[in-house]
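Topology and contacts: notes
Listed below, chain by chain, are the residues.
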Amino acid sequence: MRIDIVSVFPEYFNVLDLSLLGKAQDKGLVEFGIHNLRDWTHDVHHSVDDTPVGGGAGMVMKPEVWAQCLDDLLGIEPLESIEQADAATGRDSSAVLVFPNPSAPTFTQKDATELSHAKHLIFGCGRYEGYDGRLPAYYAAQGYDVREYSIGDYVLNGGEVAVSVMVEATTRLIDGFMGNHASIEEESYTGSEGLLEHRQYTKPATWRGMSVPEVLLSGHHANIDRFRRDEELRRTSALRPDIIEALDCSRLDKKDRKLLTELGWIVNGDHPRSKIGR
Ligand code: 6GU
């Protein structure tokens, strides 16, 4: 996979050379191009932003600088108008353009999985009050897969940290990235229909007077699986009732149903519903 990242703070992405991502680059699984947006400016001040049309605080990133940069990374000639962009639909491209945006839908494991199948990802990091709103529409009109994502309900100074998060979540799903594929499947949000994962313990069995749950020492695999499953249902019910509501009741066994009922869920019909209503 080829990943291009554009930012006015390209040094942010030095972290990509560390740890597992560094190894993935050495193995040739992923190749990064990190670019400074200011390299596509032509004025003496290398300016990338301007005041918002219609007034308001902050600065907005200029569309023409971004478009010159993105056209270069996509290897395409600039188009003169949105009409030409529309006519260019179906351009031969496997590139996916991703723009971090705090006002966009939240990036999820499902999105990471989709992006992990792309051949070429281009991330554009906005700063200030974000980028000109015509930019995503312009590339979508040309037939590119354009996505905008937030990483959660809080405000960051710019898209760099958000892009780091999305790159890490995506690249670790590339085939061959992780030695142990089972550990990916068992994790929260991916295995067990999206339930939060049970807690893990290692040796010693007793540490500072605290013992690990006894059943885990029993060697009885069916009991251990049941104990872990119950803990996942309990944790998820307490912390993420929205995930319980999305479960498919037909995939719950008798013991799942019994526990969920004890936890205050009505488990008939397509999906569990809370007895008290939410
Ligand atoms: Cl994608 N950008 C910024 N600036 N803040 C955020 C975000 C993105 N996601 C959550 N907060």
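**What to know about the overall build of the protein**
Looking only at helices and strands, one finds 10 helices and 11 strands in the protein. Relative to its length of 278 residues, the protein is extended, with a C-alpha radius of gyration of 24 Å against a globular reference of 19 Å. Considering only C-alpha atoms, the protein reaches an extent of 70 × 45 × 40 Å along its principal axes. In the protein, which comprises 278 residues, the share counted as buried stands at 42%. Excluding contacts between residues fewer than 6 apart, the proportion of contacts in the protein whose partners are at least 24 apart in sequence is 69%. Within the structure as shown, the protein displays about 16000 Å² of accessible surface, and the carbon and sulfur contribution to it stands at 51%. Counting 29 positive and 44 negative side-chain charges, the protein places the averaged centre of each group 12 Å from the other.

**As for the packing of aromatic side chains**
Where two aromatic rings form a pair, the distance of their centres and the angle of their planes describe that pair. Taken as a whole and judged by the stated rule, the model has 5 aromatic pairs. Summarising the aromatic geometry, the rings of Phe-99 and Tyr-131 are spaced 5.1 Å apart at their centres and angled 40° between planes, so their arrangement reads as tilted. Highlighted residues: Phe-99 in strand 5 (residues 95-100) and Tyr-131 in the loop between strand 6 (120-124) and helix 5 (134-141), separated in sequence by 32 residues. On the accessibility criterion, Tyr-131 (10% relative accessible area) is buried. Relative to Tyr-149, the ring of Phe-107 has its centre 5.1 Å away and its plane inclined at 75°; by these criteria the two rings are edge-to-face. Pair noted here: Phe-107 is in the loop between strand 5 and helix 4 (109-115) and Tyr-149 is in strand 7 (residues 145-149), with a separation of 42 residues, a long-range link.

**Focus on a nonpolar patch on the surface**
Residues Phe-9, Tyr-12, Tyr-154, Leu-156, Val-161 and Val-165 make up a contiguous nonpolar surface patch of about 510 Å² in total accessible area. Within the secondary structure layout, Phe-9 lies in the loop between strand 1 (2-7) and helix 1 (19-26).

**Notes on the sheet that holds strand 7**
With parallel pairing, 5 strands are arranged side by side in an open sheet as 2-1-6-5-7. Each of the sheet's edge strands pairs with one partner strand only, and the pair in question is strand 2 (31-36) and strand 7. Neighbouring strand axes in the sheet, compared pairwise and without regard to direction, differ in orientation by 20° on average.

**Some details on the pairing of strand 5**
The buried fraction of strand 5 is high, at 6 of 6 residues. Of the two faces of strand 5, the one lined by Ala-95, Leu-97 and Phe-99 and the one lined by Val-96, Val-98 and Pro-100 are each fully buried. Alignment of strand 5 against strand 6, held across 4 bridges, turns out to be parallel. Paired with Leu-97 across the bridge in strand 6 is Ile-122. Note: strand 5 against strand 7, 5 bridges, orientation parallel. Paired with Val-98 across the two strands is Arg-147, which belongs to strand 7.

**Regarding the state of the cysteines**
Using the criterion set out here, one finds 0 disulfides in the structure. Here Cys-69 stays free of any disulfide, with the sulfur of Cys-125 as its closest cysteine sulfur at 11 Å.

**Observations regarding the site of the ligand**
Close contacts around the ligand come from Pro-100, Asn-101, Pro-102, Tyr-149, Ser-150, Ile-151, Gly-152, Tyr-154, Leu-156, Gly-158 and Ala-162, and that covers them all. At 3.3 Å, a side-chain N or O of Ser-150 approaches a nitrogen atom of the ligand. At a separation of 3.1 Å, a nitrogen atom of the ligand approaches a polar backbone atom of Leu-156. Partitioned by chemical class, the residues of the shell around the ligand number 7 nonpolar, 4 polar and no charged.

**A word on the side chain of Asp-4**
Residue position: Asp-4 is located in strand 1. A polar contact of 2.7 Å, which involves the side chain of Asp-4, links it to the side chain of His-120.

**Looking at the packing of helix 8 (residues 221-239) against helix 10 (residues 254-262)**
Contact pair helix 8 / helix 10: the axes reach a minimum separation of 10 Å and the direction vectors enclose 40°. The handedness of the crossing between helix 8 and helix 10 comes out as right-handed. Here Arg-226, Arg-229, Asp-230, Leu-233 and Arg-234 of helix 8 come into contact with helix 10, specifically with Lys-255, Asp-256, Leu-259 and Leu-260. Partitioned by chemical class, the residues of the contact of helix 8 with helix 10 number 3 nonpolar, no polar and 6 charged.

**Here we look at the packing of helix 2 (residues 63-74) against helix 5**
Any two packed helices are characterised by the angle at which their axes cross and by the distance between the axes. Here helix 2 crosses helix 5 at 35°, and the two axes come no closer than 10 Å. In this structure, the crossing between helix 2 and helix 5 has a hand that is right-handed. Residues Pro-63, Trp-66, Ala-67, Leu-70, Asp-71 and Leu-74 of helix 2 form the contact with helix 5, whose own contacting residues are Arg-134, Leu-135 and Tyr-139. For the contact of helix 2 with helix 5, the class distribution of residues is 7 nonpolar, no polar and 2 charged.

Conventions adopted
- All residue numbers here refer to positions counted from 1 along the written sequence of the relevant chain.
- Totals for whole chains, interfaces and linings use all residues, but because this is a predicted model, local features are given only for residues with pLDDT of at least 70 and pairs of side-chain atoms are given and counted only at 80 or more.
- The basis for every side-chain value is the complete set of heavy atoms in the structure, and neither hydrogens nor water enter the calculation.
- Each helix is a run of H or I in the DSSP string that is no shorter than four residues. Each strand is a run of E no shorter than two, and both are numbered from the N terminus.
- Within these notes, the globule rule equals 2.2 Å times the number of residues to the 0.38 power, and the radius of gyration is based on C-alpha atoms.
- Only protein chains enter the accessibility calculation, which uses a 1.4 Å probe. A residue is then buried if its area is under 20% of the maximum for its type, exposed if over 50%, and partly exposed in between.
- The contact rule is simple, with two residues in contact once any of their heavy atoms fall within 4.5 Å.
- Surface accessibility follows the Shrake-Rupley procedure with a 1.4 Å probe radius. Residue values consider only the protein chains on display as shielding.
- When charges are counted, Lys and Arg contribute as positive and Asp and Glu as negative, whereas His and the chain ends are disregarded.
- Charge positions are represented by NZ for Lys, CZ for Arg, CG for Asp and CD for Glu.
- For Phe, Tyr and Trp, where Trp contributes only its six-membered ring, two rings pair if their centres lie within 6.5 Å, and the inter-plane angle classes them as stacked under 30 degrees, edge-to-face over 60, or tilted in between.
- Residues qualify for a patch when their relative accessible area is over 30% and they have no salt bridge, like charges being joined within 9 Å and the nonpolar side chains of Val, Leu, Ile, Met, Phe, Trp and Tyr within 5 Å.
- Each reported salt bridge corresponds to a side-chain nitrogen of Lys or Arg within 4 Å of a carboxyl oxygen of Asp or Glu.
- Strands were regarded as paired on the criterion that DSSP finds at least two bridges between them.
- Only the stretch in contact is used when fitting a helix axis, every axis being a line fitted to C-alpha atoms; angles between N-to-C directions are given from 0 to 180 degrees.
- By definition, disulfides here are pairs of cysteine sulfur atoms that lie within 2.5 Å.
- Here, proximity means that at least one heavy atom of the residue falls within 4 Å of the molecule or strand.
- Identification of polar contacts relies on pairs of N or O atoms within 3.5 Å, with a donor-acceptor requirement for protein atoms, meaning one able to donate a hydrogen and the other able to accept it, and with residues adjacent in sequence counted only if both atoms are side-chain atoms.
- Three residue categories are used. Nonpolar comprises Ala, Val, Leu, Ile, Met, Phe, Trp, Tyr, Cys and Pro, charged comprises Asp, Glu, Lys and Arg, and polar comprises the others, including Gly.
- By definition, turning the near helix anticlockwise from the far helix through less than a right angle yields a left-handed crossing, and turning it clockwise yields a right-handed one.

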